[in-house]
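This is what each chain is made of:
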Amino acid sequence: MSRLKLGIPKGSLQDATLELFARAGWKITLSSRSYVPAIDDPEIECLMVRAQEMARYVESGALDAGITGHDWVVETSAAVDELSELVYAKQRLARVRWVLAVPEDSVIREPRDLEGKVIATEVVHITENYLAKHGVNARVEFSWGATEVKVPQLADAIVEVTETGSSLRANRLRIVDTVLESATVFIMNRTSSADSWKREKAENLILMLQGAIAAASKVGLLLNVHREDLQAVLSVLPALKKPTISALSDPDWVAINTIVEEAVVRQILPKLKAAKAQGIVEYPLNKIVL
């Protein structure tokens, strides 16, 4: 039987990835001492790999496909196919940014102020390319971690990844510029991508993962409304496309089924009630396939 060798990111993305697969329909079970998790799909073979190394192993063919950050594809200059963005991160469904940051009281205000300075970062090549683009000569040093604490004693500036900026603010750092915006991506070995079975398996997997991501911030709403109040209710609903309207056994009443952002439900439910909607039911969603 053919199998797709799939790399699952170990580290900061691990829990979010396993949760995403569960919502997409795949259960991945990981032993605390194993890098080879079990998955309830005989056509997939998983291996836990750090996101920083994923692109290298996919490029070499050790893995057919993997999930990593676009930033690590750029940093390693790996020759792989990026089949799709999967916009989720460690804390929330969002892209991340690699930013140039300095102490709050630093005189550095723009890239050219870095001339002759020392920059600490985990993404050395990305930072060097950024400096070259701005015509700046500075020394870039690889940081093994805890990069925020290296300024100002060990470096003049850092290039660090952030989702919300809260860690930088907590360490009294000021963002000067965005070096690179990145999202989680599904990558594939180019030889494997040319294999019709593996490509189809990967694309089907991506479809379900994207469906789970699309549903993560949304809920379904089901409600009944008298036909004479229908337009008033529809004016309240922010539909995904157009709400589904179905006839009920009583010809004077219809049922409305729609999808909305979960964050707006608390705002629109009182308005729906005021518009004379009845029997309002909110229900969770696992996947939305557009």
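Note that the structure is a prediction, hence the values are computed from the model and not measured.

### Topic: the sheet that holds strand β13 (residues 218-226)
No. 1: The strand order across the open sheet formed by four strands is β14-β15-β13-β16, and the pairing between neighbours is antiparallel. Edge positions in the sheet fall to β14 (244-247) and β16 (278-284), since each has one partner strand and no second. Strand-to-strand twist in this sheet, taken as the mean axis angle between neighbours without regard to direction, amounts to 20°.
No. 2: The pairing of β14 with strand β15 (residues 253-261) spans four bridges and is antiparallel. When the sheet's bridge partners are listed, Ile245 is paired in β15 with Ile256.
No. 3: Along the sheet, helix α9 (residues 262-274) contacts β13, β15 and β16; its crossing angle with β15, the most-contacted strand, is approximately 155°.

### Thoughts on the environment of Ser249
No. 1: Structurally, Ser249 is set in the loop between β14 and β15.
No. 2: Considering only alpha carbons, one finds Ser249 and Leu230, 19 residues apart in sequence, at a separation of 16 Å.

### Here's the deal with the sheet that holds strand β10 (residues 157-162)
No. 1: Read across the open sheet, the five strands follow the order β9-β8-β10-β7-β11; overall the sheet is mixed. Each edge of the open sheet is held by one strand with a lone partner, namely β9 (139-142) and β11 (173-182). On average, each strand axis in the sheet is inclined to that of its neighbour by 25°, with strand direction left out of account.
No. 2: Here strand β7 (residues 96-103) runs beside β10; their pairing, made up of five bridges, is antiparallel. Following the sheet pairing, Trp98 is matched in β10 by Val161.
No. 3: Strand contacts of helix α4 (residues 124-133): β7, β8 (118-121), β9, β10 and β11, with the helix running at about 170° to β9, the strand carrying the most contacts.

### As for the pairing of strand β1 (residues 4-10)
No. 1: Of all seven residues in β1, five are buried, a share of seventy percent or more.
No. 2: Bridging between β1 and strand β4 (residues 44-50) involves seven bridges; their strand directions are parallel. Across the sheet, residue Gly7 finds its bridge partner in β4, namely Leu47.
No. 3: Both β1 and strand β5 (residues 65-69) contribute to a ladder of two bridges, which runs parallel. When the sheet's bridge partners are listed, Gly7 is paired in β5 with Gly66.

### A word on the packing of aromatic side chains
Here the distance between the centres and the angle between the planes together describe a pair of aromatic rings.
No. 1: Inspection of every chain in the model, using the stated rule, returns two aromatic pairs.
No. 2: With a centroid separation of 5.9 Å and an interplanar angle of 90°, the aromatic rings of Trp72 and Trp98 are classed as edge-to-face. A residue pair is termed long-range when its members are at least 10 positions apart, and Trp72 in helix α3 (residues 70-76) and Trp98 in strand β7 qualify at 26 residues.
No. 3: For Trp72, a relative accessible area of 10% puts it in the buried group.
No. 4: Ring centres 4.8 Å apart and planes at 90° place the aromatic pair Phe142 and Trp144 in the edge-to-face group.
No. 5: By relative accessible area, which is 39% here, Phe142 ends up partly exposed.

Reading the values: the criteria
Residues numbered from 1 in each chain as written. Predicted model: local features only at pLDDT ≥ 70, side-chain atom pairs only at ≥ 80, totals over all residues. Heavy atoms only, no water. Pairing = 2+ DSSP bridges. Helix = DSSP H or I, 4+ residues; strand = E, 2+ residues; numbered from the N terminus. Axes fitted to C-alpha atoms, helices over the stretch in contact; angles between N-to-C directions. Contact = heavy atoms within 4.5 Å. Buried < 20%, exposed > 50% of the residue type's maximum accessible area, 1.4 Å probe, protein only. Phe/Tyr/Trp six-rings, centres within 6.5 Å; stacked < 30°, edge-to-face > 60°.

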